Amino acid sequence: MDTLLKRIFIIVTVLGVVSQFGCGHYDNGEPPLNKAVIVLSTALASGATDQIGSVDVVIELPAGVTVQSDPSSGAISNGINGVLRLSGEAARFASQPNAVTPVIMGKYTPATSTNKANVALSMIVQPNNSSGLNPGEFATLECDRSPDVHDTSIFRLTSVLIANILGTKIYDSTTGSGPASATINVSLL
């Protein structure tokens, strides 16, 4: 009986050590996913004084990059604990007394045999605010990426539409005109 208890103790100890080292490394035999963090920003041309009222962008994602979303609708979770959240100027704006928090929402569309995956993202300053956002960082999107994705230049903005607080377009990527612009900065973690 003493030998049986020793064997059980050894087996439990070995299993505990193996599970400790394996924890978080592989899920169902698949390699772990790393992160790609996309920070979105706006800018205004020198001398422009518009405040940002809304930004609509489409980000093309490279193969091996996905976004956690609702499987049926593609809706991306947003807010403090979501993978899409206000940041920079939009977060500062939301923390002002009497400010109504800007609305941010996104939709993930997975890759198909003919199209790359993309994220359509919209940020809107609610109309009952008396002013819009200053240009600068406004949103952060956290993506999952396979370990073989190493090039940040393959993340692209394919469509951008920016309006001021009055709803007037101040940039439209289809015409390439206006005093505003949008950029993304991608960090691989």
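What counts and how
- Residues numbered from 1 in each chain as written.
- Predicted model: local features only at pLDDT ≥ 70, side-chain atom pairs only at ≥ 80, totals over all residues.
- Heavy atoms only, no water.
- Pairing = 2+ DSSP bridges.
- Helix = DSSP H or I, 4+ residues; strand = E, 2+ residues; numbered from the N terminus.
- Axes fitted to C-alpha atoms, helices over the stretch in contact; angles between N-to-C directions.
- Buried < 20%, exposed > 50% of the residue type's maximum accessible area, 1.4 Å probe, protein only.
- Salt bridge = Lys/Arg side-chain N within 4 Å of Asp/Glu carboxyl O.

Caption draft 1: Structural view of the sheet that holds strand β9 (residues 169-172). What the 5 strands build is an open sheet, ordered β5-β6-β2-β8-β9; its pairing is antiparallel. The outermost strands of the open sheet, each flanked by one partner alone, are β5 (103-109) and β9. Neighbour-to-neighbour, the strand axes of this sheet turn through a mean angle of 10 degrees, independent of strand direction. Here strand β2 (residues 52-60) pairs with strand β6 (residues 118-124) via 7 bridges, running antiparallel. Bridge pairing in β6 links Asp 56 to Ser 122.

Caption draft 2: Main features of unusual backbone geometry. For Asn 98, which is not glycine, the phi torsion reads 65 degrees and is therefore positive. Looking at the element boundaries, Asn 98 is found in the loop between α2 (88-94) and β5. On the accessibility criterion, Asn 98 (80% relative accessible area) is exposed.

Caption draft 3: Structural view of the pattern of salt bridges. Tallying each qualifying case throughout the model produces 7 salt bridges. Between Lys 35 and Glu 142 there is a salt bridge whose closest N-O contact spans 3.7 Å. Of this pair, Lys 35 sits in strand β1 (residues 34-44) while Glu 142 sits in strand β7 (residues 137-145), placing them 107 residues apart in sequence. Residue class for Glu 142 comes out partly exposed when judged on its relative accessible area of 25%. Glu 60 is the salt-bridge partner of Lys 116, the closest N and O atoms lying 4.0 Å from each other. Placement of Lys 116 in the loop between β5 and β6 and of Glu 60 in strand β2 is noted, with a sequence separation of 56 residues between them. Given a relative accessible area of 18%, Glu 60 falls into the buried group. Each of Lys 35, Arg 85, Glu 142 and Asp 144 takes part in salt bridges that share partners, so that together they form one network.

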